Amino acid sequence: NETGAALLISLVPFCANPMEKAALYLQVCSAYATRGDWRRCEQHGKAGLALLGISLPIEKNEVKCQIARDLARYFVQAFLPGVVLRQRWSGDIARTRLIIMFYQIIAWAMILGDKYKFLHASLRLLWLCEKKRGDLETRCISYGLFVTFCVKNGFWRAADYYMSKAFVLSEKSSHEF
């Protein structure tokens, strides 16, 4: 509720490091997404991601430019695997997980709203999970979100391709569809 979100926001100045602050913003972002307040969800998601060094575009033209960059990055990674080295999660795993959780919440929040913002969040999730070789469940969820975008917009072949990838991964994990 509004009081809980306000309380969490009031705790931000007392946090010692950016990761703790970002974790509070993640909870606030999630609360607003659950309530259906997409604007505030996005606003607090942007603030939390900024603490993690990630810029979340809000304006329509910025979002479209980021989609173009994300598509280019993803296609280079997908079709020229030798150019972009895929990495296992290393270094700051907690930071990467927080970033992924933000994008999952933002994608679900935008699913019925702005299709460009939903596509951006889905592509960013897909790219993060592919590049960082995230855990199986996270990759399944990222594929599922992208499949949702594809189905919603009539990209049936892409939806079938990514759903197949998700099912193959789900068989290897405990994640159930």
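Just above, that's the structure.
This text gives an overview of the structure that appears in the document. Keep in mind that this is a model prediction, so the values were computed, not measured. (Residues numbered from 1 in each chain as written. Predicted model: local features only at pLDDT ≥ 70, side-chain atom pairs only at ≥ 80, totals over all residues. Heavy atoms only, no water.)

### Remarks on the overall build of the protein
Now for step 1: Within the protein, the secondary structure is distributed over eight helices and zero strands.
Now for step 2: Mapped in sequence order, the helices and strands of the protein form the string α-α-α-α-α-α-α-α.
Now for step 3: Within the protein, buried positions represent 44% of all 177 residues.
Now for step 4: Considering only contacts in the protein between residues 6 or more positions apart, those separated by 24 or more positions represent 64%.
Now for step 5: Accessible surface for the protein amounts to roughly 9500 Å². Of this, 60% is attributable to carbon and sulfur atoms. (Helix = DSSP H or I, 4+ residues; strand = E, 2+ residues; numbered from the N terminus. Buried < 20%, exposed > 50% of the residue type's maximum accessible area, 1.4 Å probe, protein only. Contact = heavy atoms within 4.5 Å. Areas by Shrake-Rupley, 256 points an atom, 1.4 Å probe, with all protein chains shown as cover.)

### Some words on the packing of aromatic side chains
Now for step 1: Following the criterion strictly, the structure yields six aromatic pairs and no others.
Now for step 2: Taking 6.0 Å as the distance between ring centres and 50° as the angle between the ring planes, the aromatic pair formed by Phe-118 and Phe-149 counts as tilted. Taken as a pair, Phe-118 in helix α6 (residues 115–131) and Phe-149 in helix α7 (residues 136–152) lie far apart in primary sequence, 31 residues in all.
Now for step 3: For the pair Tyr-161 and Tyr-162, a centre-to-centre distance of 4.9 Å together with 85° between the ring planes defines the contact as edge-to-face.
Now for step 4: Taking relative accessible area as the criterion, Tyr-162 reaches 8% and is therefore assigned buried.
Now for step 5: Within the aromatic cluster, the residues linked to one another by ring pairs are Phe-118, Tyr-143, Phe-146, Phe-149, Phe-155, Tyr-161 and Tyr-162.
Now for step 6: The lysine or arginine in question, Lys-64, covers the ring of Tyr-116, its NZ or CZ lying 4.8 Å from the ring centre. (Phe/Tyr/Trp six-rings, centres within 6.5 Å; stacked < 30°, edge-to-face > 60°. Lys NZ or Arg CZ within 6 Å of the ring centre and 35° of its normal.)

### What about helix α8 (residues 156–172)?
Now for step 1: For α8, with 17 residues, the first-to-last C-alpha span of 25 Å sits near the 24 Å given by 1.5 Å per residue.
Now for step 2: Where α8 is concerned, the buried positions are Ala-159, Tyr-162, Ala-166, Leu-169 and Ser-170. Seen end-on, α8 carries its buried residues on one side only, within an arc spanning 100°. With respect to the buried face of α8, the exposed residues turned more than 90 degrees away are Trp-156, Arg-157, Asp-160, Glu-171 and Lys-172. (Expected span 1.5 Å × (residues − 1). Arc of directions from axis to C-beta.)

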